[in-house]
Amino acid sequence: MTFSPEFLEGRTAHLRRKQENTTRRLAGELPEQHRTYKIERLLPAVAEALTRISMGTYGICIECETPIPEKRLLKIPEATRCAPCQTEVEQDARTH
Ligand SMILES: [Zn+2]
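Bear in mind that the values here come from a model prediction, so they are computed numbers and not experimental data.

S.K.: Residues and numbers for the overall build of the chain, please.
M.R.: When helices and strands are tallied, the chain shows four helices and zero strands. Its C-alpha atoms give the chain principal-axis dimensions of about 40 × 35 × 20 Å. The proportion of buried residues among the 96 residues of the chain is 14%. The long-range share in the chain, meaning contacts at least 24 apart out of those at least 6 apart in sequence, stands at 50%.

S.K.: Could you give an account of helix α4 (residues 83–95), naming the residues involved and the relevant values?
M.R.: For the α-helix, the turn length of 3.6 residues means that residues three or four positions removed from each other point alike. In this model α4 runs 18 Å from its N-terminal to its C-terminal C-alpha over 13 residues, within 8% of the 18 Å that 1.5 Å per residue would give. Burial analysis of α4 places just zero of its 13 residues in the buried class, a small minority of the element.

S.K.: Lay out the environment of A27 with the relevant residues and their values.
M.R.: In this structure, A27 sits in the loop between α1 (5–26) and α2 (32–55). Linking A27 and S4, residues 23 residues apart in sequence, is a C-alpha distance of 35 Å.

S.K.: Mind laying out the packing of α1 against α2, listing which residues take part and the relevant values?
M.R.: The contact between α1 and α2 brings their axes to 10 Å, and the two run at 155°. Considering their axes alone, α1 and α2 lie roughly antiparallel with respect to each other. Seen from above, α1 lies across α2 with left-handed handedness. Seen from α1, the contacting residues are L8, R11, T12, L15, K18, Q19, T22 and L26; seen from α2, they are R35, K38, L42, L43, V46, A49, L50 and I53.

S.K.: Any chance you could break down the confidence of the model for the chain for me, citing the residues and the numbers?
M.R.: Counting all residues, the mean pLDDT for the chain is 94, and 99% of those residues have values of 70 or more. For the chain, per-element mean pLDDT is lowest for α4, which scores 92, and highest for α1, which scores 97.

S.K.: Talk me through the environment of T57; I want residue IDs and the actual numbers.
M.R.: Tracing the sequence through the fold places T57 in the loop between α2 and α3 (70–75). Here the alpha-carbon distance between T57 and P67, two residues ten residues apart in the chain, equals 9.6 Å.

What counts as what
- Residues numbered from 1 in each chain as written.
- Predicted model: local features only at pLDDT ≥ 70, side-chain atom pairs only at ≥ 80, totals over all residues.
- Helix = DSSP H or I, 4+ residues; strand = E, 2+ residues; numbered from the N terminus.
- Buried ≥ 20, exposed ≤ 12 C-beta atoms within 10 Å, placed from the backbone.
- Contact = placed C-beta atoms within 7 Å.
- Expected span 1.5 Å × (residues − 1).
- Axes fitted to C-alpha atoms, helices over the stretch in contact; angles between N-to-C directions.
- Parallel < 35°, antiparallel > 145°, perpendicular 65-115°, else oblique.
- Left-handed = near helix turned anticlockwise from the far one by under 90°.
- pLDDT = per-residue confidence, 0-100.

Okay, structure coming up:
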């Protein structure tokens with residue numbers, strides 16, 4: 001485990017806030033594609049990140065299993081892939 005308890009605490013707080021804000025926004029008016037993205041992609045990713053924090057596997061890339069840089073996790077706390085792997089997956093999704 002390469003992350004400090006303070007870092008993980010900060011990410012947990014941020015993810016919980018994101019979860020609450022997203023849920024609150026779903027109750028209001030939202031363009032359909034945003035609603036679909038939040039329900040199908042964002043909320044599951046946020047919930048998974050919180051689970052991974054409690055299991056001690058947070059911040060490890062699910063593709064190449066290297067630690068994701070803290071800078072990236074500060075920007076995207078629910079990230080499950082390092083930047084190179086994410087780019088690869090997105091390129092794959094576009095070409096297939
Ligand atoms: Zn990776």
